[in-house]
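Reading the structure
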Amino acid sequence: MPQEEVLGYWLGHGPRPLPLRKTDVVTMGREPQNALPLEDTFASRHHAVIEVTPDGQVLLKDLKSSNGTYLNEKRLDANEPTPLRSGDLIRIGGKMFTFISNQPGLEPRKVGMQAYRDLAHMQTRSMDKPDLPPPPDEGTKKPGPRSTEALQTLTNIPREQPKEAILAGSLEDQSLPQILQFLNSSAKTGELAVNGKSEEGRIAFQDGTIFYATTSSQLGDDAVYACSRIRSGTFRFTRQEFPPDLKRNVKEKTIHLIFECCRRIDEESGKTPPSGSPQA
């Protein structure tokens, strides 16, 4: 029997995105019997539920929780199913989640961007924008012209001393699509380093858009997908200005890259999404 089409992904509950298919019912709350248990003292025992309708709508409903369920920082009315759109930001207790739709042509909503910026201010330390390096002295030897055929890598780009990371952690706690979505929606500029046991990657962002990526064996889109296969290791994002002659090697739009990473993780895990019935 063919597997149901994935209609979207729920990010933020763990290291892997949760695929959502038709007629799925996913409960969330502090009780371990929930499909997605929430270890948060501000979450109710049975806090909220995600329901996917037969016609493909993904609905979020608050189950009369004590502290409420927030969609793009607006509290939902209890027991009122609310449709989700790609890029929506959801807050339950002290935890943040994101929904990404699989409907063609949809981009993350702008309304989620400001919420992610607010989250960035709360969760990361602010940094001054690094100054550009001064121009070389006239007496120094100027480098020869670069060949347009030469492959450029992020590791050999001249840069200042490493800046303090504004985002860092374990890939076992957060999935790469979740990290990419955060950096995209909060319009970050800098370099994301992904370090696994046998593979390392670098992904460059300009105002939230992925424009360059590399690993030891891949470039461009393939390098992003290679990074998504690193499940055990660390990540570190630092503010970084890139030389103007660093040419883009990523072809796909950032949201398409994120979704494709979700799809590949889903396929490789071979897991069916958790489901259950909402409990009062």
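First, a word on scope: everything that follows refers to the structure included in this document. (Residues numbered from 1 in each chain as written. Predicted model: local features only at pLDDT ≥ 70, side-chain atom pairs only at ≥ 80, totals over all residues. Heavy atoms only, no water.)

Side note on the packing of aromatic side chains
The description of an aromatic ring pair uses the distance of the two centres, along with the angle that the planes make with each other. Stated precisely, the cut-off is as follows: The pairing test for Phe, Tyr and Trp rings, Trp by its six-membered ring, is centres within 6.5 Å, and the orientation test on the planes gives stacked under 30 degrees, edge-to-face over 60, and tilted for anything in between. Put simply, DSSP marks the helices as runs of H or I at least four residues long and the strands as runs of E at least two long, and each gets a number from the N terminus on. Note on classification: 1.4 Å probe, protein chains only; a residue is buried when its accessible area is under 20% of the maximum for its type, exposed when over 50%, partly exposed between these limits. In this analysis the charged atom, NZ for Lys or CZ for Arg, is taken to sit over a ring once it is within 6 Å of the ring centre and within 35 degrees of the ring normal.
Within this structure, the stated rule accounts for four aromatic pairs. Note on Phe-205 and Phe-237: the rings are 6.2 Å apart at their centroids and 80° apart in plane angle, and the pair reads as edge-to-face. Pair noted here: Phe-205 is in strand β14 (residues 200-206) and Phe-237 is in strand β16 (residues 233-239), with a separation of 32 residues, a long-range link. Note on accessibility: Phe-205 and Phe-237 belong to one class, buried. Residue placement shows Arg-91 over the ring face of Tyr-70; its charged tip is 4.2 Å from the ring centre. Across from the ring centre of Tyr-225, 3.9 Å away, lies the NZ or CZ of Arg-264, which sits over that ring.

A look at the sheet that holds β16
Threshold: We call two strands paired when DSSP finds no fewer than two bridges between them. Note on method: axes are straight lines fitted to C-alpha atoms, helices fitted across the in-contact stretch only, with angles between N-to-C directions ranging 0 to 180 degrees. It only takes one pair of heavy atoms within 4.5 Å for two residues to be counted as in contact.
Taken together, five strands build an open sheet; the order of strands is β12-β16-β13-β14-β15 and the sheet is antiparallel. The strands lining the two open edges of the sheet, one partner per strand, are β12 (167-170) and β15 (209-215). Taking each pair of neighbouring strands and ignoring which way they run, the sheet shows an average axis angle of 15°. Helix α2 (residues 176-185) contacts β12, β13 (190-196), β14, β15 and β16 of the sheet and is inclined by roughly 170° relative to β13. Lying over the sheet, helix α3 (residues 221-228) contacts β13, β14 and β15, oriented at roughly 75° with respect to β15.

Overview of the pairing of strand β1 (residues 6-11)
Of all six residues making up β1, six are buried, and the element is well covered by its neighbours. As consecutive antiparallel partners, β1 and strand β2 (residues 18-21) are separated by six residues, and within that stretch Gly-12 has a phi angle of approximately 115°, a positive value. Pairing of β1 with strand β11 (residues 95-101), which is carried by four bridges, proceeds in the antiparallel orientation. What sits directly across from Leu-11, in β11, is Thr-98.

Description of the sheet that holds strand β8 (residues 74-75)
Taken in spatial order, the six strands of this open sheet run β2-β1-β11-β10-β7-β8, and their pairing is antiparallel. Edge positions in the sheet fall to β2 and β8, since each has one partner strand and no second. By the bridge criterion, three bridges tie strand β7 (residues 69-71) to strand β10 (residues 89-92) in an arrangement that is antiparallel. The residue bridging Tyr-70 from the neighbouring strand is Arg-91, located in β10.

Quick word on α3
For α3, the buried fraction is high: seven of the eight residues fall into the buried class. The complete set of buried residues in α3 reads Asp-221, Ala-223, Val-224, Tyr-225, Ala-226, Cys-227 and Ser-228.

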